[in-house]
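Structure assessment
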Amino acid sequence: MGGGGQQTESGEPAKSAGDGGPGAVGSGRGGGNLSVFTWEEVQKHSHKGDQWLVIDRKVYNVTQWVKRHPGGIRVISHYAGEDATEAFTAFHPNLTFPRKFLKSLLIGELADTEPSQEAGKNAVVVQDFQALRERVEKEGLLRAKPLFFSLYLGHILLLEALSLGLLWHWGTSWSVTLLCSVILATSQSQAGWLQHDFGHLSVFKKSSWNHILHKFIIGHIKGASANWWNHRHFQHHAKPNVFCKDPDVNMLHLFVLGDSQPVEYGIKKLKYMPYNHQHKYFFLIGPPLLIPLYFQIEIMRTMVTRRDWVDLAWSMTFYLRYFCCYYPFFGFFGCIVFFTFVRFLESHWFVWVTQMSHLPMDIDHEKHHDWLTMQLNATCNIEQSPFNDWFSGHLNFQIEHHLFPTMPRHNYQAVAPLVQALCEKHHIPYQVKTLQGAFADIISSLKKSGDLWLDAYLHK
């Protein structure tokens, strides 16, 4: 599941058919000796050091495989004890390859009397979404247009060249320096959206090509780490807006989010910050600091502690190129100030775009919903327009992106009406907002959560 990194050839030997463990309620049918399990038994194996999951009614012991999973340990662990069929299908553009590794992990199957999904998931919704996915595949909406991404990369490189050209021609006056900062921040933001495409394996048919271009864009053009991004971002997609599973809602006690967390903090009298004012201090520690401070430190620390020397080498080529290009104009200290200001501008862009579709939505503990319901509860769309598409890297179609994470972004608009019709059929809210309204909802949601915390803190 969630294969964000390079695939490996190693796998952990599975139990034999006779080692199905406690809970086996019968023997396999056909030519094999697969043990048969109930959902109750599968759900017991959802802890660190003991993890099973179900894919297409087959039960797999992934306890040891999680350490080798290309998408990271946590993303697959988030589905321990659950049906992971929809997530497995969504994250892997070529299902044949990962199924090779599943063979050695197979320990049994669900009993005939067991439903395909655990209790709480709507079987009809699951079936209808599967039918939609089959239609999407049949209509070629998971195939990318290379020209689109080539032109997109071209406009990023053109912005980089334009910044240098302006400095060479006009010098380093305050006005030119400010203009170049805006141009570079634009280039960096757009490169962020492009690396996102390669990271989701949505450009090339061969995963290896996506991995190489991903490392080039996020490493050489942005100075970050592909593996860090993969391990973090696929957790977000696997369980969006779920506490303890989605790292994007891990606010390190700086903010309280949603309706339940503020009340929990208030009842426990937790006051790490004045949360009733979080909608105000968000402007001071949110958009300005996420990329230039928090992400910058986390990325470097992760590469060093995990000894990810390949990604570290890629990121160092960015800094080498950057200082070679801008040292003649600004000197060493000036380069650092210029770089920090560009990151400051980029961080504002990144935070507002990424949070507008998630922060105002449902944020809570695990509810074990089906894929469609879970993603729609945690995401919303922003009105389509050429500017909104470009400005957000097509993440104004956040719903479609979350439902089909390997889909090339230029096809979101085509699949959106089909998704909306499916949501209407099952009475699942499909929210579309204006860009300004979505930005405003970030602040209003923070204020609402802060007020809930204050009320619980004072009166409960």
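Report on the accompanying structure. (Residues numbered from 1 in each chain as written. Predicted model: local features only at pLDDT ≥ 70, side-chain atom pairs only at ≥ 80, totals over all residues. Heavy atoms only, no water.)

Section: the environment of Ser35
Mapped onto the elements, Ser35 comes out in strand E1 (residues 35-37). As a C-alpha pair, Ser35 and Val342 span 307 residues in sequence and 58 Å in three-dimensional space. (Helix = DSSP H or I, 4+ residues; strand = E, 2+ residues; numbered from the N terminus.)

So, the state of the cysteines
Inspection of every chain in the model, using the stated rule, returns zero disulfides. You can see Cys335 has no disulfide; the closest cysteine sulfur is in Cys325, sitting 9.4 Å from it. Looking at Cys335, the relative accessible area reads 0%, which means it is buried. You can see Cys423 has no disulfide; the closest cysteine sulfur is in Cys380, sitting 13 Å from it. (Disulfide = S-S within 2.5 Å. Buried < 20%, exposed > 50% of the residue type's maximum accessible area, 1.4 Å probe, protein only.)

Some details on the pattern of salt bridges
Here the structure, examined in full by the defined rule, presents 23 salt bridges. Here Arg343 and Glu346 are joined by a salt bridge, their closest N and O atoms 2.9 Å apart. Taken together, the residues Arg343 and Glu346, both in helix H13 (residues 309-355) and three residues apart, mark about one turn of the helix. By the burial criterion, Arg343 is buried, and Glu346 matches it. With a shortest N-O distance of 3.7 Å, Lys367 and Asp364 are connected by a salt bridge. Counted as one network, the salt bridges with shared partners bring together Glu82, Lys239, Lys245 and Glu366. (Salt bridge = Lys/Arg side-chain N within 4 Å of Asp/Glu carboxyl O.)

With respect to the packing of helix H8 (residues 207-221) against H13
Across the interface, H8 lies against H13 with an axial gap of 6 Å and an inter-helix angle of 50°. Between H8 and H13, the angle is such that the two are oblique. Contacts from Lys215, Phe216, Gly219, His220 and Ile221 of H8 reach H13 at Val310, Asp311, Trp314, Ser315, Thr317, Phe318 and Arg321. Here the contact of H8 with H13 is built from residues that sort into five nonpolar, four polar and three charged. (Axes fitted to C-alpha atoms, helices over the stretch in contact; angles between N-to-C directions. Parallel < 35°, antiparallel > 145°, perpendicular 65-115°, else oblique. Contact = heavy atoms within 4.5 Å. Nonpolar A, V, L, I, M, F, W, Y, C, P; charged D, E, K, R; others polar.)

So far we have only geometry, and geometry alone does not tell us how the molecule works.
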